[in-house]
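# Secondary and tertiary structure notes
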Amino acid sequence: MIWFTAISDILLYVAFAFAAGAIALKFVPESQKPVLRDSRSLLVASVAGIAVFSAAPAIELALFLENGEGFFKTFADTLLNYRVGNGWVITVLFSVLLGVTLYYNGSKQMAAGYAGLLILAVGFYSHVSTVNLWGGFVSHSIHFLALALWGGILLHVAWFAKETPNWGRFLDWFTPFAFACVSILLASGVVIMLFFVDLADYANSWALPYGQWLLLKHLSILPLLA
C-alpha cells in the first residue's frame, strides 16, 4: 500500500499541476506567452484525475480498518467518520465544480476560485495538518500552491507550445516567477519537515525509512536546481 499511495500522490501532483498551470496561464496576456495548443478534454481529464488519485489515503485507511465486514462498507464508514474520508468527499465536490467550469468555458476567475478551494482542501486534510492543524494547513497549502503553479506552467509550455514568438517576453516574467515559487517551495518544505523531524535529529532519522526517503528527496533537489 505504501507504493500505491506514493504513485497516487505523484499522479495527483501532475494532474493538479496541469490544471493549475492551464488556469494560471489564462491570466497571462497573449503577448507574454507562447502559442499553446488547447486541449479541453485533457484539462477536464486532469481534474478527474485529482478526484481519483486523491482517494488513495482513504482507500489505504479503509483496507487497514477492514475487519471482515466488506471493503465497500468500511470505505463508506471511512468517508463518513474519518477526517481523511471527509477530505476526499470535499475534494471530489470541488473537482466536479472545477471540471464543469472548465468544460463549459466558465470564467477564469471562477476556475481559479475552485482551484484555490481545492488547494485549501488538500492542505486542510493533509497528513501534516493532523500533526499541527493550522500550521500544517497553511504550510502545506502554500507548498502545494507553489508546486502546482510553477510545475503546471512548465508542463504546458514544454508540452503544448506550438509557436514561441513571445519567448523572450515569457521568460522576462516567468524567470522571477519560477525563482519565487521554488524559494517558497523550499522554505515551506523545510517548515513541513520540522513538524516531523527536529534539525538536531535529521541525521539520526536516516536510520529509519522515513528519514532515508527524506534524504533522497532533498538530494534530488540539487539536480533540479541545476
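Everything in this summary refers to the structure shown in the same document. In this text, all values refer to a predicted model and were calculated from it rather than measured experimentally. (Residues numbered from 1 in each chain as written. Predicted model: local features only at pLDDT ≥ 70, side-chain atom pairs only at ≥ 80, totals over all residues. Heavy atoms only, no water.)

Each helix and strand in the chain was counted, giving 10 helices and two strands. Taken from the N to the C terminus, the helices and strands of the chain come in the order α-β-α-α-α-α-α-α-α-β-α-α. Considering only C-alpha atoms, the chain reaches an extent of 60 × 45 × 30 Å along its principal axes. Put simply, the chain has 226 residues, and 37% of those count as buried. (Helix = DSSP H or I, 4+ residues; strand = E, 2+ residues; numbered from the N terminus. Buried < 20%, exposed > 50% of the residue type's maximum accessible area, 1.4 Å probe, protein only.)

Mapped onto the secondary structure, Pro223 falls in helix H10 (residues 209–225). Distance from Pro223 to Thr91, taken between C-alpha atoms, is 33 Å for residues 132 residues apart in sequence.

Attention now moves to the nonpolar core. Within the largest apolar cluster, 21 residues are counted, with the highest numbers of intra-cluster contacts made by Phe16, Ile23, Leu43, Ile50, Leu98, Leu102 and Leu118. It is helix H1 (residues 2–25) that provides the largest number of residues to this core, a total of seven residues. Non-local contacts of Leu43, meaning those with residues more than four positions away in its chain, are made with Phe18, Ala19, Ala22 and Leu102. In this structure, Ala24, Val157, Phe170 and Ala178 belong to the second largest nonpolar core, which totals 13 residues. (Core = buried A, V, L, I, M, F, W, Y, C linked by side-chain atoms within 4.5 Å. Contact = heavy atoms within 4.5 Å.)

Evaluated as defined, the whole model comprises 19 aromatic pairs. Ring plane angle 20° and centroid distance 5.6 Å describe the contact between Phe71 and Phe75, whose orientation is recorded as stacked. Taken together, the positions of Phe71 and Phe75, both in helix H4 (residues 71–81) and four residues apart, correspond to about one turn of that helix. Take Phe75: its relative accessible area is 14%, and that puts it in the buried class. Each ring, one from Phe170 and one from Trp173, has its centre 5.5 Å from the other, and the planes form 90°; the classification is edge-to-face. A residue pair is termed a helical-turn pair when its members lie 3 or 4 positions apart in one helix, as Phe170 and Trp173 do in helix H9 (residues 167–194) at three residues. In this structure an aromatic cluster arises from ring pairing among Trp167, Phe170, Trp173, Phe174 and Phe177. In this structure, Arg40 is placed above the aromatic ring of Tyr103, and the distance from its NZ or CZ to the ring centre is 5.1 Å. For the cation-ring pair, Arg83 lies above Phe124, with the distance from its terminal atom to the ring centre recorded as 4.7 Å. (Phe/Tyr/Trp six-rings, centres within 6.5 Å; stacked < 30°, edge-to-face > 60°. Lys NZ or Arg CZ within 6 Å of the ring centre and 35° of its normal.)

By secondary structure assignment, the location of His156 is in helix H8 (residues 133–160). The buried category is assigned to His156, whose relative accessible area is 8%. One polar contact links the side chain of His156 to the main-chain carbonyl oxygen of Phe18, over a distance of 2.7 Å. A distance of 3.3 Å separates a polar atom in the side chain of His156 from the backbone nitrogen of Ala22. For His156, the contacting residues outside a window of four places in its chain are Phe18, Gly21, Ala22, Leu25, Leu36 and Ala161. (Polar contact = N/O pair within 3.5 Å; in protein donor to acceptor, adjacent residues only side chain to side chain.)

All right, on to the environment of Phe170 then. Residue Phe170 is classed as buried on the basis of its relative accessible area of 3%. Sequence-distant contacts of Phe170, defined by excluding residues within four places in its chain, comprise Gln32, Lys33, Pro34, Ile153 and Val157.

A separate point is the layout of surface pockets. One simple way to see leftover space: roll a probe sized like a water molecule over the atoms. In this structure, the second largest pocket encloses a volume near 400 Å³. At the level of secondary structure, the elements contributing two or more residues to the lining of the second largest pocket comprise H1, strand E1 (35–36), helix H2 (40–53) and H8. Of the residues that constitute the lining of the second largest pocket, the class distribution is nine nonpolar, four polar and six charged. (1 Å grid on protein atoms, 1.4 Å probe; cavity = no way out; pocket = protein on both sides within 12 Å on 5 of 7 lines; lining within 4 Å. Points joined across faces, edges and corners; volume = space filled by probe spheres on them. Nonpolar A, V, L, I, M, F, W, Y, C, P; charged D, E, K, R; others polar.)

A contiguous nonpolar patch, built from Trp3, Ile7, Leu11, Trp213 and Leu216 and spanning about 580 Å² of accessible area, is present on the exposed surface. Secondary-structure elements contributing two or more residues to the nonpolar patch are H1 and H10. Tallying contributions element by element places H1 first for the nonpolar patch, with three residues. Turning to its location among the elements, Ile7 is positioned in helix H1. (Patch = residues over 30% accessible without salt bridge, like charges linked within 9 Å, V, L, I, M, F, W, Y side chains within 5 Å. Areas by Shrake-Rupley, 256 points an atom, 1.4 Å probe, with all protein chains shown as cover. Salt bridge = Lys/Arg side-chain N within 4 Å of Asp/Glu carboxyl O.)

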